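Geometric and topological summary
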Amino acid sequence: MKALRILTATTLSTSSPKPNPTSIFRVFFSAEPLPPESDSHLSEQSDSTFDSSHYETLIPDDHKPKHTWDKKFRNRADKLVFGDETKGKVKFKEEEDERRRRILAKALLEAALNNEKEDEEEEEEDESLGVVKDEDQKSLSVGIIGAPNAGKSALTNYMVGTKVAAVSRKTNTTTHEVVGVLTKGDTQICFFDTPGLMLNCGGFPYRDVKARVESAWSSVNLYEVLIVMFDVHRHLTRPDSRVVKLIKRMGERSIPNQKRVLCMNKIDLVEKKKDLLKVAEEFKDLPGFERHFMISGMKGAGVKDLTQFLMEQALERPWEEDPFTMTEEVMKMISLEVVRERLLDHVHQVD
Ligand SMILES: Nc1nc2c(ncn2[C@@H]2O[C@H](COP(=O)(O)OP(=O)(O)OP(=O)(O)O)[C@@H](O)[C@H]2O)c(=O)[nH]1
């Protein structure tokens, strides 16, 4: 504080023009030079900082060097300011980023190529499907019935794979609708939904929605194969008398030209597999069922045998459905477009 007072006093005692008392600190704490007191025309600017715009440059504007970004200047600056260590870290990060971009771009490229390869394979398969003449074609209509949640949709999806036709379906009647088409070799299997098929607790169709239910029940007779499905895990843990009645009713009331199969679904949920034998025993004497299958429609266990059985039942007649569905094609196109877009994005970044 004492030193400060001396400095202030010294500054105040100097000749005019009186400098600002704080200017001495600016001298100490900034790089600003003190103006020479004798030079009057410059002393006008004594309080201003140096500004290059006050001076004319002799270089014409179009000859002035254009400022361009050059990485080597940045590297030199990094080296001078932070030393070699930071440069190393920066370089490592850049290399790491580039390596990741390359891996990602490569993975996307491979995915796109594989997709195209699969497309080519499917085109070949499709071509082979296309040459099946009408007189060589076989088809089969399959209805699946069961209580809600029995796993009807999961099984259909598993069997037909991506060929599930959810869009612009050709509806055959108002009471039943194709939910999936499986075309393999010369054989086409159409899976049908059976909406409105309900039983009351007495095991009979509901009366209140009679017309709809009756028409649904009558549609059951249209299929060449009827799959009656139930959730075997639920049957072992929380049996539902309506489901048992439905199974028995379907077994008793068989109709000519229709094969009925009983599918015990969700076997993957049953821990003790010998419990399945108990269930098989329970339904084994029902006369109306041609075959019993134990399956997991979701995981695929036993589905191959069921599919094989259905293929063998196909009748010689032309296919009813176009084996190529819109949904699959549209989904593939969208997927490929997404991959392409991402690929281009990353290739652009690598550049
Ligand atoms: N663990 C197991 N779960 C299954 C299996 N099949 C279906 N599910 C599940 O059971 C539930 C019902 O399956 P869905 O296929 O929708 O049953 P659904 O009979 O079509 O049902 P609704 O449309 O209501 O008539 C879903 O959560 C499925 O994931 C199976 O084999 N194993």
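Within each chain, residues carry numbers counting from 1 in the order of the written sequence. Given that this is a predicted model, residues contribute local features only at a pLDDT of at least 70 and side-chain atom pairs are listed and counted only at 80 or more, while totals for whole chains, interfaces and linings are drawn from all residues. Calculation of side-chain values draws on the structure's entire complement of heavy atoms; hydrogens and water are dropped beforehand.

Naming follows an unreviewed UniProt entry, where the protein chain appears as Era-type G domain-containing protein of Pisum sativum. Under the Sequence similarities (unreviewed entry) heading, UniProt states for the protein chain: "Belongs to the TRAFAC class TrmE-Era-EngA-EngB-Septin-like GTPase superfamily. Era GTPase family." UniProt positions are given in the numbering used here, feature names are shortened, and annotations may be inferred rather than shown by experiment.

1. Re the environment of Gly288
Secondary structure elements are defined from DSSP: runs of H or I of at least 4 residues count as helices, runs of E of at least 2 residues count as strands, and each element is numbered from the N terminus. Take Gly288: it is sitting in the loop between helix 10 (274-283) and strand 6 (289-294). On a C-alpha basis, the gap between Gly288 and Arg249 in space is 9.1 Å, while along the polypeptide they are 39 residues apart. The residues touching Gly288, leaving out its near neighbours within four places in the chain, are Gly251, Ser254 and Arg260. We call two residues in contact whenever any of their non-hydrogen atoms come within 4.5 Å of each other.

2. Regarding the packing of helix 6 (residues 152-160) against helix 11 (residues 303-313)
Geometrically, a packed helix pair is captured by the angle between its two axes and the distance between the axes. One way to put it is that helix 6 packs onto helix 11 with a least axis distance of 11 Å and a crossing angle of 75°. Between helix 6 and helix 11, the angle is such that the two are roughly perpendicular. Every residue of helix 11 that contacts helix 6 at Leu155, Tyr158 and Met159 is listed here: Val303, Leu306, Thr307 and Leu310. When residue character is reported, Ala, Val, Leu, Ile, Met, Phe, Trp, Tyr, Cys and Pro are called nonpolar, Asp, Glu, Lys and Arg charged, and the others, Gly included, polar. Within the contact of helix 6 with helix 11, the residues separate by chemical class into 6 nonpolar, 1 polar and no charged. Only C-alpha atoms enter the line fits that serve as axes; for helices the fit covers just the stretch in contact. Angles between N-to-C directions range over 0 to 180 degrees. Orientation is classified from the angle alone, with under 35 degrees giving roughly parallel, over 145 giving roughly antiparallel, 65 to 115 giving roughly perpendicular, and any other angle giving oblique.

3. Brief notes about the pattern of salt bridges
By convention in these notes, a salt bridge is any Lys or Arg side-chain nitrogen within 4 Å of a carboxyl oxygen on Asp or Glu. A complete count under the given rule lists 7 salt bridges for this structure. The shortest N-O distance in the salt bridge between Arg317 and Glu224 comes to 2.8 Å. Here Arg317, found in the loop between strand 7 (315-316) and helix 12 (326-350), pairs with Glu224, found in the loop between helix 7 (210-220) and strand 4 (225-231); they are 93 residues apart in sequence, far enough to count as distant. On the basis of relative accessible area, Glu224 is assigned to the buried category, the value being 16%. Between Lys284 and Asp285 there is a salt bridge, and its shortest N-O distance comes to 3.7 Å. Only protein chains enter the calculation, and the probe is 1.4 Å; a residue is then buried if its accessible area is under 20% of its type maximum, exposed if over 50%, and partly exposed in between. Given the relative accessible area of 63%, Asp285 is considered exposed. One connected set of salt bridges, linked through shared partners, spans Glu281, Lys284 and Asp285.

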